[in-house]
Amino acid sequence: MNMKVWYLFEILFLFPLDVYQEMGLMDHMSWPTYEDIYKKVIEIAKFLDLPRFPDITEDSYLHPNILCMKYLMEVNLPDEMNDLTCQVVKMTGIGEVDFLTFDPIAKMAKTVKYDVQAVAVIVVVLKLLFLLDDNLEWTLSNIAEKYNEKNKEDKPWFDFRKWYQVMKKSIDEKKQKWEEARAKYLWKSEKPLYHSSIDRAVVYKRREMVVSLQKQFSALVDSAPTVEKKSPSSFQFNWTEGDSARTCFHGHGLQGILKKKGQSLTTKNSLYWLSTQKFCRSYCKHVTTYEESNFSLSYQFIINLFSFLLRIKTSSLHEEVSLIEKILFKRKYGKTKKKSRSRKGRKY
């Protein structure tokens, strides 16, 4: 029972919601939110009183290093960014077995939103590289564009502006198709309804005849063959080299963004702004509400892009980004807390 529930747990968190519709498990209007699925899976595990789940190691699909690689491929970012995401995972400790492995019977059962956490790591890395303040990312893009024009035979440098244009167009097309699919969805049961087991064979036979006639008439009216349903996949975007319509950035380099410091590489950008410095005082430690108007347009685009891929609220992803930053920049958060306490002391 433990392994069966574990596989269910793994599938639920790796597949986007539209995959379940393609599999016929739910219709468009009954799609649950990510948070609903997450809570239900946790409740099931606790209700069944399951023991500690199998350890999530670096070879597991739920490990942040694997998931970061998957989402870097999906959003068409350079492969070289995977080294940086792995460093962030190591520095924050979110890749440790005890941190990732779910233990329902523990007194303080700790849960992890694996894919949201991995995407949040990518957002943090993008901020480390480009700052995402609606200024530095475009300056670096100008440098990359000039280099690529002069050195067309060399490995191209990653151009954030060009990537933004390609992804903006692709995500808009994806959203439009998704909305059209919802509008064209046929509100009927795929399985025929019958009143008793005696009528079952007759009803199924009639359904087969109706479907067969519909195919024959559609073939006469429209010569174009009907498109078969694609097999479910956890990837919503596929990028291939040599596609003139959509540039693939997987092989682009980060030389224009990184610089050598001794034997290691570091970012040319030395600045970083925290997503939030205000956490709730309660035990939940949630962050303040995400308001788009308070953040740069580049950061909004990144958050909206990944939120659409995962079918989650932008506030949920922003919160996860803030929690990772809180671990990564403990000193900065500690200083802000001390300042706030000292100000209160002056008032009294």
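As a reminder, the structure under discussion sits directly above these lines.
Residues numbered from 1 in each chain as written. Predicted model: local features only at pLDDT ≥ 70, side-chain atom pairs only at ≥ 80, totals over all residues. Heavy atoms only, no water.

Draft legend 1. Quick look at the overall build of the protein. Scanning the protein for helices and strands turns up 13 helices and two strands. Counting every position in the protein, which comprises 348 residues, the buried fraction comes to 40%. Restricting to contacts in the protein with at least 6 residues of sequence separation, those with at least 24 account for 72%. (Helix = DSSP H or I, 4+ residues; strand = E, 2+ residues; numbered from the N terminus. Buried < 20%, exposed > 50% of the residue type's maximum accessible area, 1.4 Å probe, protein only. Contact = heavy atoms within 4.5 Å.)

Draft legend 2. A look at helix 4 (residues 64-74). Taken across its eleven residues, helix 4 has eight buried, putting it largely inside the fold. Looking at helix 4, one finds that the buried residues are Pro64, Asn65, Leu67, Cys68, Lys70, Tyr71, Leu72 and Glu74. Asn76 lies just past helix 4 and shows a positive phi near 65°.

Draft legend 3. View of the pairing of strand 2 (residues 264-267). Pairing analysis gives four bridges linking strand 1 (residues 258-261) to strand 2, with the strands arranged antiparallel. Paired with Lys260 across the strands is Leu265, a residue of strand 2. The antiparallel hairpin formed by strand 1 and strand 2 contains two residues in its connecting segment, where Gly262 sits at a positive phi of about 75°. (Pairing = 2+ DSSP bridges.)

Draft legend 4. Here's a closer look at the pattern of salt bridges. For the coordinates displayed, the defined rule picks out seven salt bridges. Between Glu74 and Lys70 there is a salt bridge whose closest N-O contact spans 2.9 Å. Here Glu74 and its partner Lys70 are both found in helix 4, four residues apart, which amounts to about one turn of the helix. Among the residues examined, Glu74 registers a relative accessible area of 1% and is labelled buried. The exposure class of Lys70 is buried, given its relative accessible area of 13%. With a closest N to O distance of 2.7 Å, Lys155 and Glu80 form a salt bridge. Note that Lys155 is positioned in the loop between helix 8 (136-150) and helix 9 (160-184) and Glu80 in the loop between helix 4 and helix 5 (81-92), a separation of 75 residues in sequence. Here the salt bridges share partners, and the residues they tie into one network are Arg52, Asp55 and Asp98. (Salt bridge = Lys/Arg side-chain N within 4 Å of Asp/Glu carboxyl O.)

Shape descriptors only; they carry no functional weight alone.
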